[in-house]
Amino acid sequence: MSEKKRLDLEYSQLDSDRMRINVGPQHPSTHGVLRLEVEVDGEIVTEVVPHLGYLHRSFEKHCESMTYQQIIPYIDRMDYISAMNSEWPYVMALEKMLDIKVPEKVEYLRVIVAELNRIANHQIAVATFGLDAGAFTPFLFYFRDREFIIWILEKLSGARLLYNYFRVGGMAADIYNGFREDCLSVIEKVRKTNAEVMDLLIYNRIFIQRTANVGILTPDVAINYACSGPVLRGSGVAYDLRRNEPYSIYDRFDFDIPVGKGEVGVVGDCWNRNMVRMHEMEQSCRIIEQALEQMPMEGDVKANVPRRIKVPKSEVYMRAENPKGEVGFYVVGNGTDKPERLKARGASFVNLSVIPEISKGYMFADLILILGSIDIVLGEVDR
Amino acid sequence: MGLLNRLDDPYEGGGIVLGKVEELLNWGRSKSDWYLHFGLACCAIEFMAMNASHFDFMRFGTIPRTSPRQADFIMITGTVTFKMADRIKVLYEQMAEPKYVISVGSCSNSGGPYWEHGYHVLKGVDRIIPVDVYIPGCPPRPEAFEEGMMKLQEKINQQAIFNKRKRLGIE
């Protein structure tokens, strides 16, 4: 702090144009209640300091006074855009602790709902990224299609956004009649819109000029900051937990790990990060198609688990690949039905920490795009 | 819905509506509310869906404004933490009269799921600013947003503009 103050003094003595401005917490482009303290030299950004805590909802402390099943809805409210994906590692952690084997049908159902939610998350990510760049039409296209995905998840779980669908050793409810047809028709819609958006937004000349060569994140910086998800893969590192450390049944599917190739701009810039999301939607469609084919339609969706879960004195860390990156839960049990400690690793929080590194030297308007390309959710950053 | 329907009942050849000026003003005000675009948490995602193709919030005559000085009402969409509470109060104070508040979701209505153990969550936004319409749900469905907006329009339509103090019996 003291160093920063001295810097301010020097600038004022030099009578230079450097200025400190606030972006947020109320700002249409900060994707929530993030506050950025930005130092600008004219239009050039020289320093960015993110300030957090505007949505701190005391998740970890809260969990210590909840039973294990009661925690699941609060996990939904962490990363509220991809709630299904966030529930998964927590449920897996408990199943590992209690040594529960879940039925085959449940594993496939989990893959399908998680990948559907991944598509919905990337649709919002690309849509709001386009919105930051000034393109409103992809936003309308993607929200039109996202609604069909939400209808499927609503029919399954009963909720539109925060599902509370995963249970320890199973799912809350079975699939409904016509689930397979619904999924297939949604995949068709997603592919059609993606092709349209490719022309409309991604390969649009104006969009390329705004986003290519902006906010370049080199692979070594990305790895040093422990980035994950599309942010890491946009820098050309093919690291995906579904492939590198296959959990559940992901080793049974045939899918690619899309990475930024630099066909436009440089590897690791905003355009490539965004492109990874576009390709990942296609890969999710492929996984859903395969899962629907292999999924046994008969059978129960609940393993034999007691109503009141008591976890022995043990600790476990389970992680999974979320749309935004790697999400992990570190659960410490103490022999009762409440956890001793629960630590969550949020992908958005880690990815956000790279902002000061990659936004120096770019124009102020580019800072908004860089923030949009990282795709953060403040519920997960502040928890 | 009020004023223009009376044209169906023609008075001396038609094209004439008899009514109070107040009704006309309220009719105009309730059909062109601009709101402060301000997402806090999960409910903001449902609000984005509300703004998009399927539900089309703008048919209520609402336009998102990014400055509180141009806004007629503010939607508190999400959890209000202690750190955020000061800012929300400042935003509300910056809005020009007449101004309205819609509280969206359990969190801003009462603290919601964080009511019992959330040490950093304000237990209801009505503890810092006056709320006109509460929309329940966690998060509310887009249909609930529509209902809330209609309730706000109803409220504006019934409001007194002239001789307010006298009618309310303050003087």
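As the structure is a computational prediction, the values presented were derived from the model and not from experiment.

Definitions and cut-offs
Residues numbered from 1 in each chain as written. Chains lettered and ligands numbered in written order. Predicted model: local features only at pLDDT ≥ 70, side-chain atom pairs only at ≥ 80, totals over all residues. Heavy atoms only, no water. Pairing = 2+ DSSP bridges. Helix = DSSP H or I, 4+ residues; strand = E, 2+ residues; numbered from the N terminus. Axes fitted to C-alpha atoms, helices over the stretch in contact; angles between N-to-C directions. Contact = heavy atoms within 4.5 Å. pLDDT = per-residue confidence, 0-100. Buried area = accessible area lost by both parts, 1.4 Å probe. Salt bridge = Lys/Arg side-chain N within 4 Å of Asp/Glu carboxyl O. Polar contact = N/O pair within 3.5 Å; in protein donor to acceptor, adjacent residues only side chain to side chain.

Looking at the sheet that holds strand β3 (residues 44–51) of chain A
For sheets, the rule is that strands pair by backbone hydrogen bonds, running either parallel or antiparallel.
All names here are of chain A.
No. 1: Taken together, three strands build an open sheet; the order of strands is β1-β2-β3 and the sheet is antiparallel. Strands with a single pairing partner mark the edges of an open sheet, and in this sheet they are β1 (18–23) and β3. Between one strand and the next, the sheet's axes are offset by a mean angle of 20 degrees, whatever the strand orientation.
No. 2: In the packing of helix α15 (residues 364–374) onto the sheet, contacts are made with β1, β2 (35–41) and β3, and the angle to β2 comes to roughly 150 degrees.

Describing the confidence of the model for chain B
All names here are of chain B.
No. 1: Predicted confidence across chain B gives a mean pLDDT of 84, with 90% of residues reaching 70 or more.
No. 2: Mean pLDDT per element in chain B: helix α6 (residues 164–167) is the minimum at 74, and strand β5 (residues 133–135) is the maximum at 92.
No. 3: As a predicted assembly, this complex carries a pTM of 0.88 together with an ipTM value of 0.82.

What to know about the interface of chain B and chain A
No. 1: At the interface, 34 residues of chain B touch 35 residues of chain A.
No. 2: Both sides together, the interface formed by chain B and chain A hides about 3200 Å², and carbon and sulfur atoms give 65% of it.
No. 3: If you sort the residues of chain B by the area they bury against chain A, Ile 45, His 54 and Tyr 114 of chain B come out on top, with a joint share of 18%.
No. 4: Along the contact surface separating chain B from chain A lie two salt bridges.
No. 5: A salt bridge links Glu 46 of chain B to Arg 160 of chain A, with the shortest nitrogen-to-oxygen separation between them at 2.7 Å.
No. 6: On the surface where chain B and chain A come into contact, there are 13 residue pairs in polar contact (both at pLDDT 80 or more).

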